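An overview of the molecular structure
These are the residues of each chain, in order.
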Amino acid sequence: MAFGIGINMSVTDAGMIKGKQREIACQCWFTSKGRVMPVMIKIQDEDGEIRTIKQIRINSCEEKMYAGISTLEFDCTITILEQEINVWLLYYKEENRWMLAYR
């Protein structure tokens, strides 16, 4: 008799999150179908000042598992000081917490 470990999982574990991470506040919109859409983020910069970023372009969204934690990963392009930066917005569903990851 053989046992398959993890073969019936709908989402496999993606391992560790790559890059640097920062805690953020995120204003989001929930569609009538329950889809999450980030609208605005607030992040504290190195000087301790809170920055508001409203220019967010969502390139893709994927549901992932990081260390067994269900996460929505948004591949986004944000504009800061007229410069476009590729980042990942991570929404940890069980904790209702947002993080920003970048390289």
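Everything in this summary refers to the structure shown in the same document. For every chain, the first residue of the written sequence is number 1, and numbering continues from 1 along that sequence. In keeping with the model being predicted, local features are shown solely for residues with a pLDDT of at least 70 and side-chain atom pairs are shown and tallied solely at 80 or more, while totals for entire chains, interfaces and linings include all residues. For the side-chain quantities, the full set of heavy atoms in the structure was used; hydrogens and water were omitted.

1. Here's the deal with the nonpolar core
Selection criterion: By nonpolar core we mean a set of buried residues, namely Ala, Val, Leu, Ile, Met, Phe, Trp, Tyr and Cys, connected to one another through side-chain atoms within 4.5 Å. Buried, partly exposed and exposed residues are distinguished by accessible area as a fraction of the type maximum, computed with a 1.4 Å probe on protein chains only: under 20%, between the cut-offs, and over 50%, respectively. Helix and strand definitions here come from DSSP, where helices need a minimum of 4 consecutive H or I residues and strands a minimum of 2 consecutive E residues; each element is numbered from the N-terminal end. Whether two residues are in contact is decided by their heavy atoms, any of which lying within 4.5 Å being enough.
Counting residues in each nonpolar core, the largest one holds 16 residues, and the members touching the most others are Ile-24, Ile-41, Ile-56, Phe-74, Leu-89, Trp-98 and Leu-100. Elements represented by at least two residues in this core include exactly β1 (20-30), β2 (36-44), β5 (69-80), β6 (83-92) and β7 (97-102). Per-element tally for this core: the top contributor is β5, with 4 residues. Ignoring sequence-local partners within four residues, the contact set of Ile-41 consists of Ile-24, Ala-25, Cys-26, Arg-51, Thr-52, Ile-53, Ile-56, Leu-89 and Leu-100. Ranked by size, the runner-up nonpolar core spans 7 residues in total, among them Ile-17, Leu-90, Tyr-92 and Ala-101.

2. Details of the packing of aromatic side chains
Rules: Only rings of Phe, Tyr and Trp enter the pairing, Trp through its six-membered ring, and a pair is recorded when the two centres are within 6.5 Å. The plane angle decides the type: under 30 degrees is stacked, over 60 is edge-to-face, the rest tilted.
Going through the model one piece at a time under the given rule, you end up with 2 aromatic pairs. In this structure an aromatic cluster arises from ring pairing among Phe-74, Tyr-91 and Trp-98.

3. Thoughts on the pairing of β2
We count it as follows: Here, any two strands with at least 2 DSSP bridges between them count as paired.
Looking at chain direction, β1 and β2 are connected through 6 bridges and run antiparallel. Along β2, the bridge assignment pairs Gln-27 with Met-40. The turn joining β1 and β2, which pair antiparallel and follow one another in sequence, is formed by 5 residues; a positive phi near 90 degrees is taken by Gly-34. Relative to strand β3 (residues 50-53), β2 runs antiparallel, the two being bridged by 4 bridges. Bridge pairing links Gln-44 to Ile-50 in β3. In this antiparallel pair of consecutive strands, β2 and β3, the connection spans 5 residues, and Gly-48 shows a positive phi of 90 degrees.

4. What about the sheet that holds β7?
The condition is simple: A fitted line through C-alpha atoms represents every axis, and for helices the fit uses only the stretch in contact; the resulting angles, taken between N-to-C directions, go from 0 to 180 degrees.
One open sheet accounts for 7 strands, arranged β3-β2-β1-β7-β6-β5-β4; its pairing is antiparallel. Both outer strands of the open sheet, β3 and β4 (56-66), are each paired with one neighbouring strand and no more. Averaged over all neighbouring strand pairs, the angle between strand axes comes to 35 degrees, with direction disregarded. Across 5 bridges, the pairing between β1 and β7 is antiparallel. Note that in β7 the partner of Glu-23 across the bridge is Met-99.

Don't take any of this as a statement about function, it's just geometry.
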